[in-house]
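Survey of secondary and tertiary structure
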Amino acid sequence: MNISVFLRLLKQHLPLFVLIPCITAGTAWYATRNEPKVYKSEATLYTGLASGYSLLSDKQAAYGDRSASAFDNLLTTLYSKETMLQVGIHLLADHLRLQQPDSLILGAGGFQQLQQAVPPSLRYQLPLEGDPALLITALDSLSKAQMANPIKELLLTSNSYYSLRHLTETLKATARKATNDILLMEYESDDPAVAQRTLRYAIDMLNERYSLFKTSETNSVVGYYEGKLAKAKQNLDEAEGRLRAFNIQHKVLDFDSESKNVSASKELLSTEYNQELMRRDAAKAAIDALDRRMGQQGSVRSANSDLSLKQKKLADAENQLANARAYNQPRHIITRLQAAVTQASEELKLSAQKYDAAASAPDALPAQSMANDRMTKILEYEESNARLRTYKKRMDEYQAKLNEYSPLGTQLRQLQRELAVAEKEYLDLLQNVDQSRMRRQDVKIGGTLEVLDAPYFPLVPQAAKRWQLVAIGFGVGLFLALVLTALRFWLDKKIHSPDQAEQMVGMPVTAVFPTVSKPNVYSKVTWASRSMFERLFNAIHIEITQATSSPYPPIITLFSIRPKQGKSWVANGLAQLYNDADQQVAYCYPRQKGNEQREVRNGITFLPYTIRPDFMNVTDISYLLDASQDFDATRYDRILLELPSLIDHQIPVFLLKRSALSLLVIDANTAWTRAEKQLLSLYARVTNQPMLLILNRVGGNYMDVPGRDDAKLAPIQSENSLYTQRNMT
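Now for a look at the structure at hand. Within any chain, residue numbers begin from 1 and follow the written order of that chain's sequence. Local features in this predicted model are restricted to residues of pLDDT 70 or higher, and side-chain atom pairs are both shown and tallied only at a pLDDT of 80 or more, whereas totals for entire chains, interfaces and linings draw on every residue. Side-chain metrics rest on all non-hydrogen atoms present in the structure, leaving aside hydrogens and water.

1. A word on the overall build of the chain
Numbering of helices and strands runs from the N terminus, with a helix taken as a DSSP run of H or I at least four residues long and a strand as a DSSP run of E at least two residues long. Assigned secondary structure in the chain consists of 21 helices and 12 strands. Residue burial is assigned from relative accessible area. The probe radius is 1.4 Å, only protein chains are included, and a residue is buried under 20% of its type maximum, exposed over 50%, and partly exposed in between. Across the 729 residues that make up the chain, the buried fraction comes to 40%. Pairs at least 24 residues apart make up 79% of the contacts formed inside the chain by residues separated by at least 6 positions. For the chain, the accessible area works out to roughly 40,500 Å², and carbon and sulfur atoms hold 54% of it. By definition in these notes, contact holds between two residues if any of their heavy atoms fall within 4.5 Å. A 1.4 Å probe and the Shrake-Rupley method give the accessible areas. Residues count as covered only by the protein chains that appear here.

Structure, rendered in structure tokens:
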């Protein structure tokens, strides 16, 4: 649909676009004739959700802005059923305590409605006097009771100031814009006191419930982490206890240091032991050499026996002294043992001197020198044996210590690893506990909404919206009119315009005729019809001249699918044009009344015919006409043949084959359905000749009417005027 068709459609339905908007606007005006006054109270709250400073502000990342979700949570909390219910309960508690209307709490109208809604019997059961908290608790219990009661009806199902639905629909909260921290709240009511107090209670309930939710949320987190921390502390204590018991059991202060010291001491003792072993072997070799030299002298045996006893005594004393020193015995014991060694040494020297004196020989080394040397080596040998025994004992002790420490290392590392894991878990949970406690404190500090502008008492009602509703009603009426027009256009299968005709019929439109009600009066419509007949006349003449095979005179067939399409009107107009062109025209048409006779009028021969039962087998026009009409086709230049409607009559197949041209006449107000399409397809198959489409009685909006200059032409003479356009065949 182009813009011109749309504008024509609107012009056709102009009364609809005037009547429906006027009705809807009038309905809105009548419905708002008793519009009550509306008072609005507003409040402004500072939330601090976006830019507010708190304990965690410095620790939060710059991109971690969660204020949008926080605002959503805030609004969700406000509009929750429980919040709205508590607002209604607190407001109802204030109003129930009134004994008479109070303009600052509840006006006369609302007071009267409340008296009717809550019967006196129920009032006597409520604690209206005393602590308001008791009344609020009682109302809350009644609102959640299983049985129906007036309080429950007021709070849940009515349309009063206290109902859940009314509060949810009327209370409005506007979230921030961009990064603004401000929350705007407003409430409208027909009572200014109710508007103010409702908004105040809404702010109080929002603050209370929002803070409760945030605090309970952090408390649960803190409790969880504290429980985990206590368990981690218990695990840490158990790990430390196991490590402490290990150290006590094995008498170690620092296992790693002690194991290193034991290993180093054992290595040092091993080195000293080997050195001492070499010294002992050297002393033993020297003693053996001296004994061999001295064995050659047998005179020293008696002295040797004494010397051996003294040597043994000295060895025992030195052995005791070495053990005392190795085991860090007290000083007085070491002093006593040292004195015993000195004494034994002196005794041994005396015995040695005796032995030397007895063993001296002139052919040998001096006995005294050999005795001294032997005694020195014997002392060295015995001292070395004593030290070796001590070294051996200490090495065995260190080896036992090492054998004990070897399996304990793995156990100690396991205990240390368990302690490290428990300590790390404890420290991590301790950090989480600190963070959650800080979050809880942060919620306690910043969880309350600050009131910037408290709800005020509205003194002046809002401007009336009556004219706005009237304008909205007018707009709704225009929309309905547009919808009805569109529905009518989409559901209407009639042909209204040439574009629709070409699209639905599948043929180009040759002529478009408007509705002509006064053909003898000059107007734009009659002039347009006259001009359209000229165009049709030219189109027919061109088609006839190009058809060389058709017989003479050419037969111009006018047909329509349905009756009352205007075929006779078109045929009369064409016949008049042929007569004006000095051509003889015969107009054959079917009888309607049954008494039509042949006549000649304005130079046109009118030949009525009767539709015969074998109409489909007629081969020539002469067979249609009565014998009394004396029809001779050679006397005419053109023959106009009007066929009856195809939907009600037979198609003269053989007669149509002699036709030179067919004119399809369609009324613009006629529906074009599947039946019309099928009959037209059959007709086209039968004739196989040129076919022109004529659209009759088209609205003036689709016509190319003459301009102002064309209107200055002289009016059409009566003898050349058109016949009245009527519902003809």
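After that view of the structure, there is still more to cover.
2. Observations regarding helix H2 (residues 14–31)
Its 18 residues give H2 an end-to-end C-alpha distance of 26 Å, which sits within 8% of 26 Å, the value for a rise of 1.5 Å per residue. Residues Phe17, Ile20, Pro21, Thr24, Ala25 and Ala28 constitute the buried set of H2. Down the axis of H2, the buried side of the element spans an arc of 125°, and every buried residue falls inside it. With respect to the buried face of H2, the exposed residues turned more than 90 degrees away are Pro15, Leu19 and Tyr30. Given a helix with a known number of residues, its expected span is that number minus one, times 1.5 Å. Relevant arc is that of directions from the helix axis to the C-beta atoms, nothing else.

3. Considerations on the sheet that holds strand S2 (residues 172–174)
At least two bridges found by DSSP between two strands are what make those strands a pair. Strand order in this open sheet of 4 strands is S2-S3-S1-S4, and the pairing throughout is antiparallel. The sheet is open, and its two borders are formed by S2 and strand S4 (450–453), each paired with just one other strand. Strand after strand, the sheet turns through a mean of 30° between neighbouring axes, direction not considered. Here 3 bridges tie S2 to strand S3 (residues 182–189), and the two strands are oriented antiparallel to one another. Its bridge partner being in S3, Lys172 is matched across the sheet by Glu186. Axes here refer to lines fitted to C-alpha atoms; in helices the fit is confined to the stretch in contact. Angles between the N-to-C directions go from 0 to 180 degrees.

4. Digging into the packing of aromatic side chains
Here a Phe, Tyr or Trp ring, Trp counted by its six-membered ring, pairs with any other such ring whose centre lies within 6.5 Å, and the pair is stacked when the planes are under 30 degrees apart, edge-to-face when over 60, and tilted otherwise. Scanning the entire structure with this criterion turns up 10 aromatic pairs. Here a set of aromatic residues connected by ring pairs shows up, and it is made of Phe513, Phe533 and Trp569. Two conditions define a charge located above a ring, namely a distance within 6 Å from the ring centre to NZ of Lys or CZ of Arg, and an angle within 35 degrees of the ring normal. For the cation-ring pair, Arg200 lies above Tyr201, with the distance from its terminal atom to the ring centre recorded as 5.3 Å.

5. A look at the environment of Gln414
For Gln414, the location among the structural elements is in helix H14 (residues 367–446). It is 9.6 Å that separates the C-alpha atoms of Gln414 and Leu243, two residues lying 171 residues apart in sequence.

6. Points about the pattern of salt bridges
Opposite charge on two side chains allows them to pair when their charged atoms are near. Counted as salt bridges are all cases of a side-chain nitrogen of Lys or Arg within 4 Å of a carboxyl oxygen of Asp or Glu. In total, this model carries 19 salt bridges according to the counting rule given. One salt bridge in this structure joins Lys424 and Asp428, with 3.1 Å as the shortest N-O distance. Of this pair, Lys424 and Asp428 are both found in helix H14, 4 residues apart, which corresponds to roughly one turn of the helix. The residue Arg658 makes a salt bridge to Asp620 at a minimum N-O spacing of 3.4 Å. Residue Arg658 is located in the loop between helix H20 (653–656) and strand S11 (661–667), and its partner Asp620 is located in the loop between strand S9 (604–609) and helix H19 (621–624); the two are separated by 38 residues in the primary sequence. On the accessibility criterion, Asp620 (21% relative accessible area) is partly exposed. It is possible to trace a salt-bridge network through shared partners that takes in Lys40, Glu42 and Glu186.

7. Regarding the nonpolar core
Counting residues in hydrophobic clusters, the biggest one holds 69 residues, and the most contacted among them are Val505, Leu536, Ile540, Phe559, Val570, Leu663 and Leu680. Ignoring anything within four residues of it in the chain, the contact list for Val505 reads Ile495, Leu664, Ile666, Trp672, Leu680 and Leu693. Here the nonpolar core consists of buried residues drawn from Ala, Val, Leu, Ile, Met, Phe, Trp, Tyr and Cys, with membership extended through side-chain atoms lying within 4.5 Å. In terms of nonpolar packing, the next biggest core, distinct from the first, is built from 47 residues, Leu91, Leu114, Val194 and Leu449 among them.

8. Points about the sheet that holds strand S5 (residues 509–514)
As summarised here, the arrangement of the 8 strands in space is S5-S12-S11-S6-S10-S7-S9-S8, forming an open sheet in which the pairing is mixed. Each of the sheet's edge strands pairs with one partner strand only, and the pair in question is S5 and strand S8 (599–601). Each strand axis lies, on average, 25° off the axis of its neighbour in the sheet, ignoring direction. Pairing geometry for strand S6 (residues 555–559) and S11, over 4 bridges, is parallel. Within the sheet, the bridge partner assigned to Phe559 lies in S11 and is Leu664.

9. Digging into the environment of Leu75
Assignment of secondary structure puts Leu75 in helix H3 (residues 67–78). Along the primary structure Leu75 and Lys172 are separated by 97 residues, whereas in three dimensions their C-alpha atoms are 9.8 Å apart. Setting aside residues up to four positions removed in sequence, Leu75 forms contacts with Ala173, Ala175 and Leu183.

10. Remarks on helix H21 (residues 674–687)
Helix length check: H21 (14 residues) gives 20 Å between terminal C-alpha atoms against 20 Å at 1.5 Å per residue, within 8%. Inspection of H21 places Glu676, Leu679, Leu680, Tyr683, Val686 and Thr687 among the buried residues, and these make up the whole buried set. The buried residues of H21 occupy an angular sector of 120° when projected down its axis, which confines them to one face. For H21, exposure combined with an orientation more than 90 degrees from the buried face picks out Arg674 and Arg685. Tucked inside the fold, the buried residues of H21 contact helix H16 (498–505), S6, H20, S11 and strand S12 (691–698). At the exit of H21 stands Asn688, carrying a positive phi of roughly 55°.

11. Concerning the side chain of Ser662
For Ser662, the location among the structural elements is in strand S11. Residue classification places Ser662 among the buried positions, given a relative accessible area of 0%. Polar contact is the term for a pair of N or O atoms within 3.5 Å; when the atoms are in protein, one must be able to donate a hydrogen and the other to accept it, and sequence-neighboring residues count only if both atoms are side-chain atoms. Polar side-chain contacts of Ser662 include one of 2.8 Å to the side chain of Tyr683. Among the polar contacts listed, one links the side chain of Ser662 to the side chain of Gln689, at a separation of 2.5 Å. Aside from chain neighbours lying at most four places away, what touches Ser662 is Thr557, Phe559, Tyr683, Thr687, Gln689, Pro690, Met691 and Leu692.

12. A short note on the packing of helix H17 (residues 524–546) against helix H18 (residues 567–580)
When two helices pack together, their arrangement is given by the angle between the helix axes and by the axis-to-axis distance. Following both chains from N to C, one finds H17 and H18 inclined at 75°, their axes separated by 10 Å at the closest point. The angle between H17 and H18 places the two elements in the roughly perpendicular class. Contacts between H17 and H18 pair Ser529, Arg530, Phe533, Glu534, Leu536, Phe537, Ile540 and Ile544 from the former with Trp569, Val570, Gly573, Leu574, Leu577, Tyr578 and Asp580 from the latter. Here the angle decides the label: under 35 degrees means roughly parallel, over 145 means roughly antiparallel, 65 to 115 means roughly perpendicular, and every other value means oblique.

13. Side note on a nonpolar patch on the surface
Without a salt bridge and with relative accessible area above 30%, a residue can belong to a patch; like charges are then joined within 9 Å and nonpolar side chains (Val, Leu, Ile, Met, Phe, Trp, Tyr) within 5 Å. A cluster of nonpolar side chains, contributed by Leu469, Ile472, Val476, Phe479, Leu480, Val483, Leu484 and Leu487, occupies part of the molecular surface with about 660 Å² of accessible area. Leu484 sits in the partly exposed class, given a relative accessible area of 43%.

14. Section: the pairing of strand S1 (residues 39–46)
With 6 of 8 residues buried, S1 is to be regarded as a mostly interior element. As judged from the 8 bridges shared by S1 and S3, these two strands associate in the antiparallel manner. The residue bridging Lys40 from the neighbouring strand is Glu188, located in S3.

15. Considerations on the packing of helix H4 (residues 81–96) against helix H8 (residues 150–157)
Two numbers describe how H4 lies on H8: the axes approach to 10 Å, and their chain directions differ by 130°. Compared by their axis directions, H4 and H8 come out oblique. Helix-helix and strand crossings are classified by hand; for H4 and H8 the assignment is right-handed. On the side of H4, the interface is formed by Leu85, Gly88, Ile89, Leu92 and Leu96, while H8 contributes Ile151, Leu154, Leu155 and Leu156. Three classes are used: nonpolar for Ala, Val, Leu, Ile, Met, Phe, Trp, Tyr, Cys and Pro, charged for Asp, Glu, Lys and Arg, and polar for all others, with Gly counted as polar. Residues belonging to the contact of H4 with H8 are distributed by class as follows: 8 nonpolar, 1 polar and no charged. Handedness of a helix crossing follows the sense of rotation of the near helix relative to the far helix, less than a right angle counterclockwise being left-handed and clockwise being right-handed.

16. Observations concerning the side chain of Gln689
By the secondary structure assignment, Gln689 is in the loop between H21 and S12. Overall, the relative accessible area of 14% leaves Gln689 in the buried class. With residues near it in sequence (within four places) discarded, Gln689 still touches Leu656, Ser659, Ala660, Leu661 and Ser662.

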